Amino acid sequence: MSLFTPLFVTTVAGLAIGLLVLLLVPIVLRSSIVIVDAYEKKTLTVLGEYRKLLEPGINVVPPFVSNTYRFDMRTQTVDVPRQEAITRDNSPVTADAVIYMRVMNVKRAFLEVDDYKKAVSNLAQTTLRAVIGDMELDDTLNKRQEINARIRQELDEPTDEWGIRIESVEVREVNPSKDVQQSMEKQTSAERKRRAMILEAQGERRSAVEKAEGDKQSEIIRAQGQKQSQILEAQGDAISTVLRAKSAESMGERAIIDQGMETLENIGQSESTTFVMPQELTSMVGRYGKHLSGSDVEEDGDHLESLEFSEETRELIGLDDISEILGEIDAELEANSAIEFEEIDEEPSPAGDDTTDPSQSTD
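Residues numbered from 1 in each chain as written. Predicted model: local features only at pLDDT ≥ 70, side-chain atom pairs only at ≥ 80, totals over all residues. Heavy atoms only, no water.

Q: What is the right way to look at the overall build of the protein chain in this model?
A: Looking only at helices and strands, the protein chain features 9 helices and 10 strands. Burial status across the protein chain gives 23% buried among its 363 residues. When contacts within the protein chain are restricted to residue pairs at least 6 apart in sequence, long-range pairs at least 24 apart make up 65% of them. Of the roughly 26,200 Å² of accessible surface on the protein chain, a fraction of 52% belongs to carbon and sulfur atoms. (Helix = DSSP H or I, 4+ residues; strand = E, 2+ residues; numbered from the N terminus. Buried < 20%, exposed > 50% of the residue type's maximum accessible area, 1.4 Å probe, protein only. Contact = heavy atoms within 4.5 Å. Areas by Shrake-Rupley, 256 points an atom, 1.4 Å probe, with all protein chains shown as cover.)

Q: Mind showing me how you'd approach the packing of aromatic side chains here?
A: Centre-to-centre distance and the angle between the planes together describe a pair of aromatic rings. Throughout the structure, instances matching the rule amount to 4 aromatic pairs. Relative to Phe110, the ring of Tyr50 lies with its centre 6.1 Å away and its plane at 35 degrees, an arrangement referred to as tilted. Residue Tyr50 is located in strand β3 (residues 49–54), and its partner Phe110 is located in helix α2 (residues 106–111); the two are separated by 60 residues in the primary sequence. On the basis of relative accessible area, Tyr50 is assigned to the partly exposed category, the value being 22%. With 6.2 Å between their ring centres and 20 degrees between their planes, Phe71 and Tyr116 make a pair best called stacked. On the criterion of sequence distance, the pair formed by Phe71 in strand β5 (residues 66–72) and Tyr116 in helix α3 (residues 116–133) is long-range, its members being 45 residues apart. According to the relative accessible area criterion, Phe71 is buried, its value standing at 6%. An aromatic cluster is defined as three or more aromatic residues linked by ring pairs; in this entry it consists of Tyr50, Tyr69, Phe71, Phe110 and Tyr116. Above the face of the Tyr39 ring, Arg74 is positioned so that its terminal group lies 4.0 Å from the ring centre. (Phe/Tyr/Trp six-rings, centres within 6.5 Å; stacked < 30°, edge-to-face > 60°. Lys NZ or Arg CZ within 6 Å of the ring centre and 35° of its normal.)

Q: Would you mind showing me how to read the sheet that holds strand β6 (residues 76–86) here?
A: Paired through their backbone hydrogen bonds, the strands of a sheet run either parallel or antiparallel. Strand order across the open sheet formed by 3 strands is β6-β7-β8, with antiparallel pairing between neighbours. Each edge of the open sheet carries a strand with a single partner, namely β6 and β8 (164–176). Strand-to-strand twist across the sheet, computed as the mean angle between neighbouring axes with direction ignored, equals 20 degrees. Where β6 meets strand β7 (residues 92–103), 9 bridges bridge the pair, whose relative direction is antiparallel. Paired with Asp79 across the two strands is Val98, which belongs to β7. Packed onto the sheet, α3 meets β6, β7 and β8 and runs at close to 35 degrees relative to β6. Sitting on the sheet, helix α5 (residues 144–161) is in contact with β7 and β8, with an inclination near 140 degrees to β8. (Pairing = 2+ DSSP bridges. Axes fitted to C-alpha atoms, helices over the stretch in contact; angles between N-to-C directions.)

Q: Any chance you could explain the nonpolar core here in plain terms?
A: When a protein is soluble and globular, its nonpolar side chains tend to lie buried together. Grouped together as the largest cluster of nonpolar side chains are 32 residues, with contacts concentrated most on Ile99, Ile151, Ile164 and Ile166. Going through the elements one at a time, β6, β7, α2, α3, α5 and β8 are the ones with two or more residues in this core. If you tally residues by element for this core, the top one is α3, at 7 residues. Those residues within four positions of Ile151 in sequence are excluded, and the remaining contacts are Thr127, Leu128, Val131, Val169 and Val171. (Core = buried A, V, L, I, M, F, W, Y, C linked by side-chain atoms within 4.5 Å.)

Q: Got a minute to help me understand the confidence of the model for the protein chain in this structure?
A: Low pLDDT marks stretches whose predicted atomic positions should not be read closely. Residue-level pLDDT values for the protein chain average 75, and 64% of them are 70 or greater. Note that residues 291–307 has pLDDT below 50 and, in this model, 18 contacts with residues that lie over four places away or in other chains. For the stretch residues 347–363, pLDDT sits under 50, and the model shows 10 contacts to residues farther than four places along the chain or on other chains. (pLDDT = per-residue confidence, 0-100.)

Q: Looking at this structure, I do not really get a negative patch on the surface. What am I missing?
A: Together, Glu112, Glu154, Asp156, Glu157, Asp160 and Glu161 make up a negatively charged patch on the protein surface. When its relative accessible area of 49% is taken as the criterion, Asp160 is described as partly exposed. (Patch = residues over 30% accessible without salt bridge, like charges linked within 9 Å, V, L, I, M, F, W, Y side chains within 5 Å. Salt bridge = Lys/Arg side-chain N within 4 Å of Asp/Glu carboxyl O. Lys, Arg positive; Asp, Glu negative; His and termini not counted. Charge placed at Lys NZ, Arg CZ, Asp CG, Glu CD.)

Q: Is there a simple way to think about the pairing of strand β1 (residues 33–36) in this case?
A: Side chains Val34 and Val36 of β1 all project onto a buried face; the interleaved residues Ile33 and Ile35 project onto a face where none is buried. Pairing between β1 and strand β4 (residues 57–60): 4 bridges, direction antiparallel. Across the sheet, Ile33 pairs through a bridge with Val60, a residue of β4.

Q: Whenever I open this one, the pattern of salt bridges confuses me. Can you help?
A: Working definition: two side chains of opposite charge can pair if their charged atoms are close together. What the rule picks out here adds up to 16 salt bridges. Linking Arg74 and Asp72 is a salt bridge whose minimum nitrogen-to-oxygen distance equals 2.9 Å. Exposure remark for Arg74: the relative accessible area of 44% places this residue in the partly exposed category. The exposure class of Asp72 is buried, given its relative accessible area of 12%. Close ionic contact of Arg82 with Asp96 constitutes a salt bridge, the shortest N to O distance being 3.8 Å. Of this pair, Arg82 sits in strand β6 while Asp96 is found in strand β7, placing the two residues 14 residues apart along the sequence.

Q: Got a minute to help me understand the sheet that holds β3 in this structure?
A: On the basis of which strands lie adjacent, the open sheet formed by 3 strands has the order β3-β2-β5 and antiparallel pairing. The open sheet has two edge strands, β3 and β5, and neither has a second partner. For this sheet, the mean angle separating the axes of adjacent strands, direction not counted, is 25 degrees.

Q: What's the story with the packing of α3 against α5 in this structure? I'm lost.
A: Helix-helix packing is described using two parameters, namely the angle between the two axes and the distance between the axes. Close contact between α3 and α5 brings their axes to 10 Å; oriented N to C, the two are set at 135 degrees. Taken together, the axis directions place α3 and α5 in an arrangement best described as oblique. Here the hand of the crossing between α3 and α5 comes out right-handed. Between α3 and α5, the contacting residues are Val120, Leu123, Ala124, Thr127, Leu128 and Val131 on the first element and Ile147, Arg150, Ile151, Glu154, Leu155, Pro158 and Thr159 on the second. Here the contact of α3 with α5 is built from residues that sort into 9 nonpolar, 2 polar and 2 charged. (Parallel < 35°, antiparallel > 145°, perpendicular 65-115°, else oblique. Left-handed = near helix turned anticlockwise from the far one by under 90°. Nonpolar A, V, L, I, M, F, W, Y, C, P; charged D, E, K, R; others polar.)

Take a look at the structure:
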């Protein structure tokens, strides 16, 4: 039995070593292979010494003595907590911001700063308070772009040494204290009331001006209407006067003509050879003879014409505007006179003898 004891011990030892090797192989492989994603890089240290950057993909490193540190190469956001600050005009405000940054140099970000995100956030907090404290309250509320630009400018130099690039800084909120907000609300309300009163006064003024203009135009139109009415009334009176004068003249001439016709009839029945004719009758006969024959009748070498209105009188009474009306009246009177004269010419002579010796008709 003593011969089999060493052999058994040797076999058990070999099996234990084999099992240990089988257990160590996966552990060694896992420790020596590092997989890096496409959007990141990793730094490699061996026994605490910086060796190199591991690029995306599969990387083989010394097992058990290597350490890797992950760095995201995408744009990252860092929130700046709400900060309390006092403006240059001694108004307390609170503000917060957000920072967009990217790792540009992984070696610097690993060797120059402990936690670059925390470092950037703390630096942004102090810079935000400093920038707001250097501005007045109205500027902090109205000039957000200027605040963003100044914070980014202050962060550029120190973060560049850490291998970090600040892409953008955005201040999200700047809120005054409650007392200041109440004062601002009262000021805004008073300003709105002032503007409302100004607009209301301007509206009333414009309304009064428009009303005055309307009254003025109404009075002008009313005065023009009254003037036109008076002119038309005056022209109507003038036309009526002229028509009455024409009618009276026509009636007077008609009476003269009728009387003259009776006289001529009596003369025709008389045996006397000497006749006395009234001047009015001869003038009237001559005038109507002129209208009937279209020739000029002269008396002592002068034309027998009626008197004309002066230019001033014609313009005053508007005779030029009623020329057509008067022309129609004259035409009607001429037609009536022509008919009467035709009837007189057609009547037979009272003597009944057309062969009377002409030498006996006059003396």
